[in-house]
Amino acid sequence: MDDAPAYSPTPRTRGTRNRDRVRYDATTVHAILDEGRLCHLGFVADGAPVVLPTLYARVGSVLYLHGSTGAAAMRMASEGGLEVCVTVTLTDGLVLARSGMHHSVNYRSVVARGTAYRVRDEAEQRSALDAIVDAVVPGRSADCRPADARELAQTAVLRLELREVSAKVRTGGVADEPEDMDLPHWAGVVPVTETTGAPEPDTAMAPGTPLPEYLRTFTESTN
């Protein structure tokens, strides 16, 4: 169980539709964030909305997002912070109804809003980058070369405190209209899961290099 308290609803995170699907408890929010690997970072640049995919990691009540120092979001965050909206969505099933209107998706999602700041402290930057690498494959940061000074100078990390956060979850089956129940169309749920294939070694790797145990465990757990 997650010991963090529930997030308090705000006007920007309070659900307006399907309110029964909205969650504010930290256990649900953190579990979704920890299972995902790719988020979408939304912000406004030059008066227009921008949404970009990027890697991220949660460390306690902080979300770290990875990017290039030349990216607009990183430059803007360096100038006093950047208002952002970060989303993560996991797809669990395809809901096929008898009517086109009631087709849906079983999903778990998180929306986090707030002001993101560029990480300037080198120790925090390194720690955040390690967390982002481990968010891709747990244990990987200890089994690769850490960033050198040049790479650190080219890489930026955003820090977003998780304060204004909500989750939304859709589970269950088809919700058809009563008058459609006798229609002769297949209806039901197609489960969707993420799996990994067998690791494919780099051709330039030294012959006989063993598969790390953490990677073996990871691929077996996602199959």
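Above this text sits the structure in question.
Given the structure is predicted, the values throughout are model-derived calculations rather than measurements.

### Quick look at the pattern of salt bridges
Within this structure, the stated rule accounts for 14 salt bridges. Residue R108 is joined to E35 by a salt bridge in which the shortest nitrogen-to-oxygen separation is 2.9 Å. Of this pair, R108 sits in strand β6 (residues 104–118) while E35 is found in helix α1 (residues 26–35), placing the two residues 73 residues apart along the sequence. The exposure class assigned to E35 is partly exposed, which follows from its relative accessible area of 44%. In this structure, E124 and R159 form a salt bridge, with 2.4 Å as the shortest nitrogen-oxygen distance. One end of the pair, E124, is in helix α3 (residues 122–136); the other, R159, is in strand β7 (residues 155–161), with 35 residues separating them in the sequence. Using a relative accessible area of 22% as the deciding quantity, one classes E124 as partly exposed. Each of the salt bridges in this network shares a partner with another, and the network as a whole consists of R12, E83 and E164.

### Focus on the nonpolar core
Here is a general trend for soluble globular proteins: nonpolar side chains tend to be buried in one another's company. Core analysis: the biggest nonpolar cluster contains 30 residues, and L33, L41, V84 and V86 have the highest contact counts within it. Sorting the residues of this core by element identifies α1, β2 (38–45), β4 (62–68), α2 (72–77), β5 (82–96), β6, β7 and β8 (164–170) as the ones contributing at least two each. The dominant element in this core, judged by the number of residues it contributes, is β5, at five residues. Discounting chain neighbours no more than four positions away, the residues touching V86 are C39, H40, L41, L63, L65, V110, V111, A112 and L160. Membership of the second largest hydrophobic core comes to 10 residues, among which are V62, Y64, A128 and A131.

### A word on the side chain of R118
Here R118 lies in strand β6. Lacking a salt bridge, the buried R118 has E79 as its closest oppositely charged neighbour, with an N-O distance of 9.3 Å. A polar contact is formed between the side chain of R118 and the side chain of S78, at a distance of 3.1 Å. Ignoring sequence-local partners within four residues, the contact set of R118 consists of T69, M74, A77, S78, A156, V157 and L158.

### As for the environment of F218
For F218, the location among the structural elements is in helix α5 (residues 213–221). Judged by relative accessible area, which is 13%, F218 ranks as buried. Separated by 69 residues in sequence, F218 and A149 place their C-alpha atoms 30 Å apart. F218 has contacts with R37, V136, V137, P138 and T196, leaving out every residue within four places of it along the chain.

### Side note on α3
For α3, with 15 residues, the first-to-last C-alpha span of 21 Å sits near the 21 Å given by 1.5 Å per residue. Considered for burial, the residues of α3 that qualify are Q125, A128, L129, A131 and I132. What you see down the axis of α3 is that its buried residues fit within an arc of 160 degrees, all on one side. Capping the start of α3 is the job of one residue whose side-chain oxygen sits 3.2 Å from the backbone nitrogen of A123: D121.

Quick notes on the rules
Residues numbered from 1 in each chain as written. Predicted model: local features only at pLDDT ≥ 70, side-chain atom pairs only at ≥ 80, totals over all residues. Heavy atoms only, no water. Salt bridge = Lys/Arg side-chain N within 4 Å of Asp/Glu carboxyl O. Helix = DSSP H or I, 4+ residues; strand = E, 2+ residues; numbered from the N terminus. Buried < 20%, exposed > 50% of the residue type's maximum accessible area, 1.4 Å probe, protein only. Core = buried A, V, L, I, M, F, W, Y, C linked by side-chain atoms within 4.5 Å. Contact = heavy atoms within 4.5 Å. Lys, Arg positive; Asp, Glu negative; His and termini not counted. Polar contact = N/O pair within 3.5 Å; in protein donor to acceptor, adjacent residues only side chain to side chain. Expected span 1.5 Å × (residues − 1). Arc of directions from axis to C-beta.

Keep in mind these values describe shape, not function.
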